[in-house]
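Descriptive structure summary
As a plain string of letters, each chain reads:
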Amino acid sequence: MRVTFAGMTLPLRPIIVIFAKAPQPGLCKTRLIPLLGARGAARVQNRLLHKVVATAGSLDAEVVIYTDGRLTHPSFLRLRRQGLRLQKQARTDLGQRMRIALAAEQRPGQPCLILGTDCPGLRRHDLIQALATLARTDVVCSPAMDGGYVLIGTRHYQPSLFRRIAWGSPWVFSQTRHAARKSKQRFTPLAPLADLDWPRDYFQARRRGELAGY
């Protein structure tokens, strides 16, 4: 079966896996708590969650949310009422969680993007570009300004991309690129994007208009 997506012919309908924390005060966006307080930081997380879901949901793609929070959180219940599917993340390191999610969700030959909720500047165009690029490469990755990455995409289940990575370090992107090349996968970087983790990121996102409505 082949499908048409944004003018492209793809073997299967794409899937977008979103890793998201529940917007629960004190348990999310903790680096923003000194600036905004626990409730203010949770409101930012809630805004980021719904923004990335709306961006992904604007595409003709399957969207599933993997969370390490309570599936009964009001924000998640609202998304479930909208028809979105939610799953619990495994209780292990980030790389293993992504491997488990990919193994469960991605069918052979299906374009798949994994992204978080930390990038308020992520646009619909960025997701379309990532999926279009996957038509001619094995792995796409949008680096974050801090050395991590905002999204990663594959055409096939590639567990080697998530092994022996120093998660949370400035070397995540470079180590992932090395892992792809070591396993002879074609790796294509996309334009870098900014995460929102620290107070300075918050002010910059506000200046760029990326938190409109907050």
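This write-up is about the structure you can find in this document. (Residues numbered from 1 in each chain as written. Predicted model: local features only at pLDDT ≥ 70, side-chain atom pairs only at ≥ 80, totals over all residues. Heavy atoms only, no water.)

1. Quick look at the layout of surface pockets
Taken as a whole, the largest pocket spans an internal volume of roughly 1,200 Å³. Along the walls of the largest pocket sit 40 residues, with Arg-31, Leu-94, Asp-118, Asp-195 and Asp-197 positioned nearest its centre. When contributions to the lining of the largest pocket are tallied by element, the ones reaching two or more residues are strand 3 (15–20), helix 3 (94–105), strand 6 (112–115), strand 8 (149–154) and helix 6 (199–207). The computed volume of the second largest pocket comes to approximately 200 Å³. Lining the second largest pocket are Ser-160, Arg-163, Arg-164, Ile-165, Gln-175, His-178, Ala-179, Lys-182 and Ser-183. Residue composition of the lining of the second largest pocket, by class: two nonpolar, four polar and three charged. (1 Å grid on protein atoms, 1.4 Å probe; cavity = no way out; pocket = protein on both sides within 12 Å on 5 of 7 lines; lining within 4 Å. Points joined across faces, edges and corners; volume = space filled by probe spheres on them. Helix = DSSP H or I, 4+ residues; strand = E, 2+ residues; numbered from the N terminus. Nonpolar A, V, L, I, M, F, W, Y, C, P; charged D, E, K, R; others polar.)

2. As for the environment of Arg-43
Relative to the helices and strands, Arg-43 is located in helix 1 (residues 33–57). For Arg-43, a relative accessible area of 48% corresponds to the partly exposed category. Expressed as a C-alpha distance, the spacing of Arg-43 and Gln-24, which sit 19 residues apart in the sequence, is 8.6 Å. (Buried < 20%, exposed > 50% of the residue type's maximum accessible area, 1.4 Å probe, protein only.)

3. Quick notes on the packing of helix 1 against helix 6
Packing of helix 1 against helix 6 brings their axes to within 13 Å, and their N-to-C directions diverge by 55°. On the basis of their axis angle, the class for helix 1 and helix 6 is oblique. In the crossing of helix 1 with helix 6, the sense of the turn from one axis to the other is left-handed. Contacts between helix 1 and helix 6 pair Leu-35, Leu-36 and Val-44 from the former with Pro-199, Tyr-202 and Phe-203 from the latter. Each residue belonging to the contact of helix 1 with helix 6 can be placed in one class, and the counts come to six nonpolar, no polar and no charged. (Axes fitted to C-alpha atoms, helices over the stretch in contact; angles between N-to-C directions. Parallel < 35°, antiparallel > 145°, perpendicular 65-115°, else oblique. Left-handed = near helix turned anticlockwise from the far one by under 90°. Contact = heavy atoms within 4.5 Å.)

4. As for the packing of helix 1 against helix 2 (residues 74–81)
Interaxial distance between helix 1 and helix 2 falls to 11 Å at its minimum, and their mutual angle equals 15°. The angle between the axes of helix 1 and helix 2 places the two elements in the roughly parallel class. For the crossing formed where helix 1 meets helix 2, the hand is right-handed. For the pair helix 1 and helix 2, contact is made by Asn-46, Leu-49, His-50 and Val-53 and by Ser-75, Phe-76, Arg-78 and Leu-79, respectively.

5. Focus on empty space enclosed by the protein
For the structure on display, the rule yields one cavity of 30 Å³ or more. Taken as a whole, the largest cavity holds about 40 Å³ of empty space. Around the largest cavity, the lining residues are Asp-126, Gln-129, Ser-142, Leu-190, Ala-191 and Leu-193. Partitioning the lining of the largest cavity into residue classes produces three nonpolar, two polar and one charged.

6. Focus: the nonpolar core
Judged by nonpolar contacts, the single largest core of 31 residues is most densely connected at Ile-16, Ile-18, Leu-113, Leu-115, Leu-122 and Leu-127. Elements with a minimum of two residues in this core: strand 3, helix 1, strand 4 (62–67), helix 2, strand 6, helix 4 (124–133) and strand 8. Non-local contacts of Leu-115, meaning those with residues more than four positions away in its chain, are made with Ile-16, Val-17, Ile-18, Phe-19, Val-52, Leu-122, Leu-127, Val-150 and Leu-151. Judged by nonpolar contacts, the second largest core, of 21 residues, contains Ile-114, Ile-152, Ile-165 and Phe-173. (Core = buried A, V, L, I, M, F, W, Y, C linked by side-chain atoms within 4.5 Å.)

7. Remarks on the pairing of strand 5 (residues 85–88)
Bridge count between strand 4 and strand 5: four bridges; the pairing is parallel. Residue pairing across strands places Ile-65 opposite Leu-86, the latter belonging to strand 5. Assessed by its sense of winding, the connection that carries the chain from strand 4 through helix 2 to strand 5 is right-handed. (Pairing = 2+ DSSP bridges. Right-handed = clockwise from strand over helix to strand, strands pointing away.)

8. Details of the packing of aromatic side chains
Two measures describe an aromatic ring pair: the distance that separates the ring centres and the angle between the ring planes. Evaluated as defined, the whole model comprises four aromatic pairs. Judged by centre distance (6.4 Å) and plane angle (80°), the ring pair of Tyr-149 and Trp-167 falls under edge-to-face. Note that Tyr-149 is positioned in strand 8 and Trp-167 in the loop between strand 8 and helix 5 (172–182), a separation of 18 residues in sequence. The exposure class of Trp-167 is partly exposed, given its relative accessible area of 24%. (Phe/Tyr/Trp six-rings, centres within 6.5 Å; stacked < 30°, edge-to-face > 60°.)

Worth remembering: the numbers are spatial, not functional.
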